[in-house]
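Take a look at the letters that make up each chain.
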Amino acid sequence: MRFSLLSRLSTRPRFRRGARRTGISRGFSLVEMLVVVAIVGLLIGLVGPAAMRQLQSSRGTTAAAQIAQIRAAVDIFALDVGRYPTETEGLRALVTNPGSVPGWNGPYLRDGRLPEDPWGAEFLYRRTADGVQVYSHGADGRPGGDGQDADVSS
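Residues numbered from 1 in each chain as written. Predicted model: local features only at pLDDT ≥ 70, side-chain atom pairs only at ≥ 80, totals over all residues. Heavy atoms only, no water.

Chemist: Got a minute to help me understand the overall build of the protein in this structure?
Modeler: Along its length, the protein carries 2 helices and 3 strands. Going from N to C terminus, the protein has its helices and strands arranged as α-α-β-β-β. Expressed as a percentage of its 154 residues, the buried residues of the protein come to 21%. Nonlocal contacts in the protein, meaning residues at least 24 apart in sequence, comprise 41% of its contacts between residues at least 6 apart. Of the roughly 11,600 Å² of accessible surface on the protein, 57% is carried by carbon and sulfur atoms. (Helix = DSSP H or I, 4+ residues; strand = E, 2+ residues; numbered from the N terminus. Buried < 20%, exposed > 50% of the residue type's maximum accessible area, 1.4 Å probe, protein only. Contact = heavy atoms within 4.5 Å. Areas by Shrake-Rupley, 256 points an atom, 1.4 Å probe, with all protein chains shown as cover.)

What follows is the structure, encoded as structure tokens:
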């Protein structure tokens, strides 16, 4: 029985490794690769600037949403304490008790920390005749400006 099994195995046809198949292409030509690279380059050239403009406008929208959230926290602070934070206390009063302030029930912002604006700077705070203003100087970090450098405020 053992001999017959070995004889069957030895009579099987063997396949050679690395045998080339005829009529089958094994890759891309240089011209095909250059065409693909050119098409990808055109797409990047057309889509890239539009994507960057969209990113810049979304930063302004994000800053406005963050300012609205901070402004709501300032209003809750005022309800609890009976006054808005002073300019000396600033927005820090929303996350840490500025001293012996009766009625402080913070932190008033999630995670107990102040968010940064989309450009990596701190939001600014000032008291006005009408109440308070929370704002950011935009991408350039300076007052005024237009476009992506424009100030964003409540």
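Chemist: Can you walk me through the sheet that holds strand β1 (residues 124–128) in this structure?
Modeler: Hydrogen bonds between backbone atoms are what pair the strands of a sheet, whose relative direction is either parallel or antiparallel. Read from one edge to the other, the open sheet built from 3 strands follows the order β1-β2-β3, with strand pairing classed as antiparallel. In this open sheet, the two edge strands, each paired with only one partner strand, are β1 and β3 (152–153). Across 5 bridges, β1 lies against strand β2 (residues 131–136) in antiparallel orientation. Looking at the pairing, Thr 128 lines up with Gly 131 of β2. (Pairing = 2+ DSSP bridges.)

Chemist: Before we go on, may I ask you to explain the pattern of salt bridges in this structure?
Modeler: Where charged atoms of side chains with opposite charge meet at close range, the side chains can pair. Taken as a whole, this structure holds 2 salt bridges when the rule is applied. Two residues, Asp 75 and Arg 71, come together in a salt bridge whose shortest N-O distance is 3.6 Å. You can see Asp 75 and its partner Arg 71 sitting in helix α2 (residues 30–81), 4 residues apart, about one turn around the helix. The residue Glu 89 makes a salt bridge to Arg 83 at a minimum N-O spacing of 3.0 Å. (Salt bridge = Lys/Arg side-chain N within 4 Å of Asp/Glu carboxyl O.)

Chemist: What am I meant to see in the confidence of the model for the protein here?
Modeler: On average, residues of the protein score 80 in pLDDT, and 82% of them reach the 70 mark or higher. The element-level mean pLDDT for the protein is lowest in helix α1 (residues 2–10), coming to 55, with β1 highest at 89. (pLDDT = per-residue confidence, 0-100.)

Chemist: Honestly, the environment of Arg 110 in this entry has me stumped. Any pointers?
Modeler: Examined against the element boundaries, Arg 110 turns out to sit in the loop between α2 and β1. Under the relative-accessibility criterion, Arg 110 is labelled exposed at 67%.

Chemist: Hey, could you run me through the environment of Leu 94 in this one?
Modeler: By secondary structure assignment, the location of Leu 94 is in the loop between α2 and β1. Since its relative accessible area comes to 0%, Leu 94 is described here as buried. A C-alpha to C-alpha distance of 7.0 Å links Leu 94 and Ala 73, two positions 21 residues apart in sequence. In this structure Leu 94 touches Ile 70, Ala 73, Val 74, Phe 77, Trp 104, Pro 107, Tyr 108 and Leu 109, once residues within four positions along its chain are discounted.

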